[in-house]
Amino acid sequence: MANAASGMAVNDDCKLKFLELKAKRTYRFVIFKIDEKQKEVVVEKVGEPSSSYEDFAASLPTDECRYAIYDFDFVTEENLQKSKIFFIAWSPDSSRVRSKMLYASSKDRFKRQLDGIQVELQATDPTEMGLDVFRSRAN
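Below, the structure is looked at part by part. Model, not experiment: these values are computed from the prediction. (Residues numbered from 1 in each chain as written. Predicted model: local features only at pLDDT ≥ 70, side-chain atom pairs only at ≥ 80, totals over all residues. Heavy atoms only, no water.)

Side note on the nonpolar core
It is characteristic of soluble globular proteins that their nonpolar side chains tend to be buried jointly. In this structure, Phe32, Ile34, Val41, Tyr67, Ile69 and Phe110 are the most contacted members of the largest nonpolar core, which totals 20 residues. Sorting the residues of this core by element identifies α1 (12-24), β2 (29-35), β4 (66-75), β5 (81-90) and α3 (97-112) as the ones contributing at least two each. Residue contacts for Phe110: discarding those within four places in its chain leaves Val10, Cys14, Phe32, Val41, Tyr67 and Phe87. (Core = buried A, V, L, I, M, F, W, Y, C linked by side-chain atoms within 4.5 Å. Buried < 20%, exposed > 50% of the residue type's maximum accessible area, 1.4 Å probe, protein only. Helix = DSSP H or I, 4+ residues; strand = E, 2+ residues; numbered from the N terminus. Contact = heavy atoms within 4.5 Å.)

Structure representation (structure tokens):
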């Protein structure tokens, strides 16, 4: 199952947690990391449905790459309650070059395992994935 380009497999728990977020709204967010020893993407943390955006942002390390899924609730101009599932490729400038390359080369294959992503964001610092960015990309 490993990808020849990056050698990263995807742990089944990643798909399971994503499906629970998408179908049952069991979580507000799921954060994934690459386990370099196991050569696979694994779930690092999940956020309860009551978690805030601030809880999510605080869960991303300042100097390490991660993938994340965030279930963003918003109200449209027509006053309808909606939600969109965001995929965030978090790659802070201060992270190791090797780590950035590993996450970049594994991203597309990992994303293909998560059917139902509606919006993708690439972020190198918190301002690139602020609530204002979520709002503008959700509409």
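Thoughts on α3
End to end, α3 covers 24 Å across 16 residues, agreeing with the expected 22 Å (1.5 Å per residue, within 8%). Remark: the principal bend of α3, roughly 45 degrees, maps to Ser106. Residues of α3 that are buried: Ser99, Leu102, Tyr103, Ser106, Lys107, Arg109 and Phe110. (Expected span 1.5 Å × (residues − 1). Bend = angle between axes of the 7 residues up to and from the residue.)

Some details on the packing of aromatic side chains
To describe a pair of aromatic rings, you give the distance between the ring centres and the angle between the ring planes. Going through the model one piece at a time under the given rule, you end up with 15 aromatic pairs. Aromatic side chains Tyr67 and Phe110 sit 5.0 Å apart centroid to centroid with 20 degrees between the ring planes, which places their arrangement in the stacked category. Pair noted here: Tyr67 is in strand β4 and Phe110 is in helix α3, with a separation of 43 residues, a long-range link. Looking at Tyr67, the relative accessible area reads 1%, which means it is buried. Residue Phe110 is classed as buried on the basis of its relative accessible area, which comes to 1%. The rings of Phe29, Tyr53, Phe56, Tyr70, Phe72, Phe74, Phe86 and Phe134 are connected pair by pair, giving a single aromatic cluster. Just above the ring of Phe87 sits the side chain of Lys111; from NZ or CZ to the centre is 6.0 Å. (Phe/Tyr/Trp six-rings, centres within 6.5 Å; stacked < 30°, edge-to-face > 60°. Lys NZ or Arg CZ within 6 Å of the ring centre and 35° of its normal.)

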